[in-house]
Amino acid sequence: MGYENIRVEKRGKVGLITLDRPKALNALNAALIRELGKALDGFDADERVGCVVITGSEKAFAAGADIKEMQPHDFSSAYQNDLITPFDRVSRNRKPIIAAVAGYALGGGCELAMLCDFIIAADTAKFGQPEITLGVIPGAGGTQRLTRFVGKSKAMEMVLTGRMMDAQEAERSGLVSRIVPADNLIEEALKAADKIADFSLPVVMMAKESVDRAYETTLSEGIRFERRVFQAMFALEDQKEGMSAFTEKRTPQFRNK
Ligand code: CO8
């Protein structure tokens, strides 16, 4: 499939997706969201890919859902041509996804970044949920995920006023894992992704699944889940290799088994 709204490439074991609608600041229209799902399907099925990076441009990761495309909807058409459910595809990805964010990550753009497993921000990044200024509320998890990331007070202020957060505030609040200079953003995100892709893929996938459980269940159930997964890992060749390599003082060669 050819892509018109994103660029898709492989850098070694990393799948790199670049949102590419520069004239609309990477606004997320239905076609872009479809293409994003298709690209993620491809990387999830490709056993040579161990991690994915989603990025945008210097000016915008994504300035939100495409307002011009949404504007004509009434309730019935918004419901029937549901833009949001296909967006959930990002959170169902089994391999890790890093969001590399420079510039604006607003509305659906902020929600897309939060659907990824972690966010590396350029020092130019700006996060916000400005939907209230358009007469709506966030629709792809903004009121829920932002609140879990930054707490009620800050999330409430951002959702109710539309105020943006800069990269420093986003890091302080726990929304992003770290800040890097804008010029090094892709390099740093790819470096982190490469590191992940060099580990055992089933272990990486189960680590991601286990951390995600923390958002879905009670502490005691999450701990029980983690313990079973930990014990099950002793059936993997990669556990034998990882622990043997440590005792033999050599670098492990994981075979993803
Ligand atoms: N949708 C459509 N077009 C957009 C969007 C957008 N979200 N954002 C920017 N553009 C377009 C502008 O219309 C403009 O196009 P044109 O040149 O044809 O007029 C072009 O991009 C450049 O934008 P600006 O001239 O406005 O650039 P500035 O640097 O002056 O301003 C801003 C940058 C501050 C980012 C400004 O463009 C802006 O406020 N954009 C809208 C931000 C916003 O409100 N986002 C929330 C959208 S609603 C939403 O995301 C709901 C999500 C629901 C679920 C989503 C599931 C996918």
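As recorded in an unreviewed UniProt entry, the chain goes by the name enoyl-CoA hydratase, listed as coming from Roseibium marinum. According to the UniProt record, the Function (unreviewed entry) comment for the chain reads "Could possibly oxidize fatty acids using specific components." Note on the chain: under the UniProt heading Sequence similarities (unreviewed entry), the record states "Belongs to the enoyl-CoA hydratase/isomerase family."

Digging into the state of the cysteines
Taken as a whole and assessed by the stated rule, the structure comprises zero disulfides. In this model Cys51 remains outside any disulfide bridge; the closest cysteine sulfur is found in Cys116, 10 Å from its own.

Let's talk about the sheet that holds strand S1 (residues 6-11)
Read across the open sheet, the six strands follow the order S1-S2-S3-S5-S7-S10; overall the sheet is mixed. Since the sheet does not close on itself, it has two edges, and those belong to S1 and strand S10 (178-180), each with one partner. Each strand axis lies, on average, 25 degrees off the axis of its neighbour in the sheet, ignoring direction. Where strand S3 (residues 51-55) lies against strand S5 (residues 97-101), four bridges are found, and the strand directions are parallel. Along S5, the bridge assignment pairs Thr55 with Ala100. Running at roughly 15 degrees to S1, helix H1 (residues 30-45) makes contact with S1, strand S2 (14-19), S3 and S5 of the sheet. Of the strands in this sheet, S1, S2, S3, S5, strand S7 (118-122) and S10 touch helix H9 (residues 185-198), which is tilted by about 165 degrees from S3.

A word on the site of the ligand
Near the ligand you find 25 residues, and of these Lys59, Ala65, Ile67, Lys68 and Gly108 are the closest. For the ligand, the accessible surface in isolation is 1,100 Å², of which the surrounding protein chains cover 68%. For the shell around the ligand, the secondary-structure elements that each account for two or more residues are helix H2 (67-70), helix H4 (84-87), strand S6 (104-106) and helix H5 (108-115). Among the elements that take part in the shell around the ligand, H2 stands out by supplying three residues, more than any other.

Calculation rules
- Residues numbered from 1 in each chain as written.
- Predicted model: local features only at pLDDT ≥ 70, side-chain atom pairs only at ≥ 80, totals over all residues.
- Heavy atoms only, no water.
- UniProt positions renumbered as here; feature names shortened; annotations may be inferred.
- Disulfide = S-S within 2.5 Å.
- Pairing = 2+ DSSP bridges.
- Helix = DSSP H or I, 4+ residues; strand = E, 2+ residues; numbered from the N terminus.
- Axes fitted to C-alpha atoms, helices over the stretch in contact; angles between N-to-C directions.
- Contact = heavy atoms within 4.5 Å.
- Near = heavy atom within 4 Å.
- Areas by Shrake-Rupley, 256 points an atom, 1.4 Å probe, with all protein chains shown as cover.

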